[in-house]
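Structure at a glance
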Amino acid sequence: MKLSKDHLLSFWTPTPESMRGWALASVVVNAGITVTGAAVRVTGSGLGCPTWPRCTPDSFVPIAHPETEMSTMLVEFGNRLLTFLVLAVGLACVIAAIRLAPRRKALVRLALLQPAGIVAQALWGGLVVRSLLNPITVSVHFLISIGLIAACWMLYARAGEADGPARRTVHRDIRRLGHVLLLAVMALLVVGVVVTGTGPHSGDALASRFPFDIEAVARLHADLVYVVVGMTFAVLFSLHVSNSTRIARRAALGLLVVELAQGVIGYTQYFLAVPAFLVGVHVLGSTLVWIGALRLVTSLRTRGPVDEAPAPSPSAATAAV
């Protein structure tokens, strides 16, 4: 008897909790491959597999090659293999969203972004290799990962909510400040990849660099750090004085702590002449700052059932008095 797709999937009926669990797993694996991608670069393994989609001109897997050390080849190939793990988790999110009862179109759309983005990221990775690690292609490679993490986080946040219209849980000005803060963090990440593309650790001796003055772009990056930290403190202070929700206050505090730790790492690597290990740690910190900013923004609103009438938040009611 021929088994249909429904028969093959009937053994698994996802719950809202498992849907959210898969979404969180997708956040973790996408953040993980972002960090391992940086490890490839700082270890000088960016062209460990000098071709794409093959690892060498003659093989899809690492084999002895006269122009490439096996160690760098294994590092680069290992990062490529992680793509399949990320894709598997993304497909699990899609299946969970489709099989969820009742099916929610918003979750299905967000889940579909993951395999589509991962495939686009893999194809762009081929361009990175074929361009010999051009800093523009490398920078976009990182920024695509940041976009994927945002899609994964939104899936996680929406899976824990209903499908009614979004309503703020804090004063409208605080929520607006949170959105501006998210844009500032995004700008910080963009300038950060410019700093990385200007400095050392290009990934391979053949890679080119941005033609900028490293001290100038590093100072611009530091200035944006001050702006982001100051705005985060402003959001945290506003949430406390307005007696906003605990989840929002905790999200703001968590983001501030990560930012301060990231600042310490950044200044340490600058004064130590940018050691490779700390560059990798700094990329991890950047990823956590981005996730923290997303967490903060989604904590400033909620969604109820579709037929639920919007209720004013306590802070909004206070502001209207």
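Residues numbered from 1 in each chain as written. Predicted model: local features only at pLDDT ≥ 70, side-chain atom pairs only at ≥ 80, totals over all residues. Heavy atoms only, no water.

With respect to the packing of helix α2 (residues 16–42) against helix α3 (residues 70–99)
Running from amino to carboxyl end, α2 crosses α3 at an angle of 165°, the nearest separation of the two axes being 9 Å. As summarised for this structure, α2 and α3 are arranged roughly antiparallel, according to the angle between their axes. Of the two elements, α2 crosses α3, and the hand of that crossing is left-handed. Listed contacts from α3 to Met19, Trp22, Ala23, Ala25, Ser26, Val29, Asn30, Ile33, Thr36, Gly37 and Val40 of α2 are Val75, Glu76, Asn79, Leu82, Thr83, Leu85, Val86, Val89, Ala92, Cys93, Ala96 and Ala97. Residues of the contact of α2 with α3, tallied by class, amount to 16 nonpolar, six polar and one charged. (Axes fitted to C-alpha atoms, helices over the stretch in contact; angles between N-to-C directions. Helix = DSSP H or I, 4+ residues; strand = E, 2+ residues; numbered from the N terminus. Parallel < 35°, antiparallel > 145°, perpendicular 65-115°, else oblique. Left-handed = near helix turned anticlockwise from the far one by under 90°. Contact = heavy atoms within 4.5 Å. Nonpolar A, V, L, I, M, F, W, Y, C, P; charged D, E, K, R; others polar.)

Section: the state of the cysteines
Taken as a whole and judged by the stated rule, the model has one disulfide. Not engaged in a disulfide, the cysteine cysteine 93 finds its nearest cysteine sulfur in cysteine 152; these two sulfurs lie 6.7 Å apart. Relative accessible area serves as the criterion here: at 0%, cysteine 93 is assigned to the buried category. (Disulfide = S-S within 2.5 Å. Buried < 20%, exposed > 50% of the residue type's maximum accessible area, 1.4 Å probe, protein only.)

As for the packing of helix α6 (residues 172–198) against helix α7 (residues 214–241)
Orientation of α6 relative to α7, taken along the N-to-C sense of each, is 160°, at an axis distance of 9 Å. The orientation of α6 with respect to α7, classified from their angle, is roughly antiparallel. Between α6 and α7 lies a crossing of left-handed hand. Here the contact of α6 with α7 is composed, by residue class, of 22 nonpolar, six polar and no charged.

With respect to helix α4 (residues 105–130)
Taking 1.5 Å per residue, 26 residues should reach 38 Å; α4 reaches 38 Å between its end C-alpha atoms and fits that length. With its phi angle positive at about 60°, leucine 132 sits one or two positions after the end of α4. (Expected span 1.5 Å × (residues − 1).)

Considering the pattern of salt bridges
Under the criterion given, the structure shown has eight salt bridges. A salt bridge links arginine 104 to aspartate 163; the shortest N-O distance between them is 2.9 Å. Of this pair, arginine 104 sits in the loop between α3 and α4 while aspartate 163 sits in the loop between α5 (135–159) and β1 (166–168), and the two are 59 residues apart along the sequence. Overall, arginine 104 belongs to the buried group, its relative accessible area being 13%. (Salt bridge = Lys/Arg side-chain N within 4 Å of Asp/Glu carboxyl O.)

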